[in-house]
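A structural walkthrough
Listed below, chain by chain, are the residues.
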Amino acid sequence: MATLKETKATLAAANKDVLTLIRSFADEQSFIETDAFMSSETDIADAPGEGVVSGFASVGGKGVCVFATNPKVLKGSIGALNAKKITRCINNAVRTEKPLIAVWDTSGARFAEGIDALDGYGDILRAYTLAYGDIPVISIIKGNNLGISSYVAGLSDFVIAYDESVMATSSPLVISAQTGVDVKNVGSSKTLAENGIVTNIVKKDLRDTLIKILAVFAGGAESGDDANRVCKGLKCGADMKAVIKEVFDKNSFLPVRDGFAQSVITGFATLGDIPVGVVATNAECGEGKLTAQSCLKITEFLGACSTADCPVVFLVDSAGTEVCADDTRLMYELSNLLYTVHTQQADMFAVVCGKAIGGAYTTLVAPCEYKIAWECAEVGALASESAARLLYADEIKTAKNKDKAAEKLATAYAAENCSALTLARSGRFDNVIEPNLTRSYLLAALVAHME
């Protein structure tokens, strides 16, 4: 039998790259390994450390539990014993109420173990299920994450992928052969981001991304921004990314699922150093209309906000809901979103920055505890021009210049029925403000609701 010194040397050599990765994002000398000596022997080769490194660490001063599969030990494959090691790490995170950071680089199951490997997967997924929604769960795709372990994507608050990584339910070669999809696009980080699976793509900035994420769950971080700063250059029709940049603390916004359903922007930021979730409809993309995909994006994001127990700010400039062929999908996803919004425990705040028409108002504005609107905002069951063409169809039909008549009637209708000031008189809004004061009003409301 090998001595302790020899065993440590074997483990150090086998886990060198994985330990280097963990130490690249963990605080210096903070990583403490657990279950270090777990190992097994197979008919093919030894498995030092079971192809998994696990333990405790801190990232940006925040305590975490972490495990990382080792692709240099049996290609990082999952078997009964290393599944036990992974499960114990996840359970430690739940028990100690620490965020979980899981780094995946695996080719799939150890098929030689047969049903034992599948039971191991079952234990991992069960542990993930119990952790998800209870503690922050962050899954990182370093190289490959192939097979059943790819399902952890739906049980994670964040799925961070390196730009060259691949995640798929089977071998990309098999999927490509059976579907005809170019193998380069099967499970690529770009493809996964465009489909809402990956929340963030990184190259070498993993530590910075993790620090920003963990700060949300730990009560925020100092931004150095002036809490009394007045926004500059905001007006109706402003690019929503510019609005986010002006309203929230400088350089604090962390987008989530930026490549997916781009009619909506979601992410975390701080406001007066207080962490908040941000949901902003993007009028520059499809008039900011709610689609099935954007509803799904918001629903998933609100789940992360719930786990973080942080308030949500809706910035709304939306012409309503999309008219599309797959209307049933929109019904389903919008219903799910409505359920999530109305069962959200954290405070919700709404700012109507332009339009809030139909379902956009009902879903994103009406349920909020505090609602403000820019003085130029338009709110109604239908857009003012559509409403005018319905209500005044006869007048428009007989007019010499039909488009000009419709425009004039729409303006009159909007002033009488859809203006923020008109609706504020009936109690629909807590305040109507100048756009450049948005930060001040939101921060005051946020602080008031916290006390």
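Residues numbered from 1 in each chain as written. Predicted model: local features only at pLDDT ≥ 70, side-chain atom pairs only at ≥ 80, totals over all residues. Heavy atoms only, no water.

**A short note on the nonpolar core**
Among the nonpolar cores identified, the biggest contains 63 residues, and F25, I101, I138, I140, L210, F268 and F314 are the most heavily contacted of them. Sorting elements by how many residues they give to this core places helix α9 (residues 292–308) first, with seven residues. If sequence neighbours within four positions are ignored, I101 has contacts with F25, V59, V64, C65, V66, F67, I138, I140 and L210. Of all hydrophobic cores here, the second largest spans 32 residues; its members include A93, A131, A153 and M167. (Core = buried A, V, L, I, M, F, W, Y, C linked by side-chain atoms within 4.5 Å. Buried < 20%, exposed > 50% of the residue type's maximum accessible area, 1.4 Å probe, protein only. Helix = DSSP H or I, 4+ residues; strand = E, 2+ residues; numbered from the N terminus. Contact = heavy atoms within 4.5 Å.)

**Concerning helix α16 (residues 438–450)**
The terminal C-alpha atoms of α16, which comprises 13 residues, lie 18 Å apart, in line with the 18 Å expected from a rise of 1.5 Å per residue. Among the residues of α16, T438, R439, L442, L443, A445 and L446 are the ones counted as buried. An end-on view of α16 places all buried positions within 165° of arc, on one side of the element. (Expected span 1.5 Å × (residues − 1). Arc of directions from axis to C-beta.)

**Side note on the packing of helix α3 (residues 80–96) against helix α4 (residues 115–131)**
Between α3 and α4, the least distance of the axes is 8 Å, while the angle of their chain directions is 10°. As the angle between them shows, α3 and α4 are arranged roughly parallel. Two secondary-structure elements touch here, α3 through A80, A83, I86, T87, I90, N91 and V94 and α4 through D116, A117, G120, D123, I124, A127, Y128 and A131. (Axes fitted to C-alpha atoms, helices over the stretch in contact; angles between N-to-C directions. Parallel < 35°, antiparallel > 145°, perpendicular 65-115°, else oblique.)

**Some words on α3**
Taking 1.5 Å of rise per residue, the 17 residues of α3 would be expected to cover 24 Å, and the 24 Å separating its terminal C-alpha atoms lies within 8% of that figure. Buried within α3 are the following residues: N82, A83, K85, I86, T87, C89, I90, N92 and A93. Lining the buried residues of α3 we find β1 (32–34), β4 (52–59), β5 (62–69), β6 (100–106) and α4. Just downstream of α3, E97 is the residue with a positive phi angle, here 60°.

**Here's the deal with the state of the cysteines**
Linking two cysteines covalently through their sulfur atoms gives a disulfide. Evaluation of the coordinates by the stated rule reveals one disulfide. Here C236 pairs with C376 through a disulfide, and the sulfurs are 1.7 Å apart. Here the disulfide of C236 and C376 is right-handed, its torsion about the S-S bond being about 90°. Here C236, found in the loop between α7 (206–217) and α8 (240–247), pairs with C376, found in the loop between β16 (370–374) and β17 (378–380); they are 140 residues apart in sequence, far enough to count as distant. Take C376: its relative accessible area is 38%, and that puts it in the partly exposed class. Left unpaired, C295 is separated from the closest cysteine sulfur, that of C324, by 10 Å. The exposure class assigned to C295 is buried, which follows from its relative accessible area of 0%. Under the relative-accessibility criterion, C324 is labelled partly exposed at 26%. (Disulfide = S-S within 2.5 Å.)

**Quick word on the pattern of salt bridges**
Tallying each qualifying case throughout the model produces 11 salt bridges. Put simply, E50 and R110 hold a salt bridge, and the shortest N to O gap is 2.9 Å. With E50 in the loop between β3 (46–47) and β4 and R110 in the loop between β6 and α4, this pair connects stretches of sequence that are 60 residues apart. By relative accessible area, R110 is classed as buried at 6%. Notably, a salt bridge pairs K289 with E287, separated by 3.6 Å at the nearest N-O pair. By relative accessible area, K289 is classed as partly exposed at 23%. Judged by its relative accessible area of 43%, E287 is partly exposed. Residues joined in a network through salt bridges with shared partners are D225, R229, E246, D249 and R439. (Salt bridge = Lys/Arg side-chain N within 4 Å of Asp/Glu carboxyl O.)

**Comments concerning the packing of aromatic side chains**
Scanning all chains against the criterion turns up five aromatic pairs. Ring centres 4.9 Å apart and planes at 50° place the aromatic pair F268 and F301 in the tilted group. In this pair, F268 sits in strand β12 (residues 264–271) while F301 sits in helix α9, placing the two residues 33 residues apart along the sequence. For the pair F268 and F301, a shared accessibility class is recorded, and that class is buried. A ring pair is formed by F349 and Y370, whose centres lie 6.4 Å apart and whose planes are at 65°; its orientation type is edge-to-face. You can see F349 sitting in strand β15 (residues 348–357) and its partner Y370 sitting in strand β16, a full 21 residues away along the chain. For the residue pair F349 and Y370, the accessibility class agrees, reading buried in each case. Residue placement shows K142 over the ring face of Y162; its charged tip is 4.9 Å from the ring centre. (Phe/Tyr/Trp six-rings, centres within 6.5 Å; stacked < 30°, edge-to-face > 60°. Lys NZ or Arg CZ within 6 Å of the ring centre and 35° of its normal.)

Worth remembering: the numbers are spatial, not functional.
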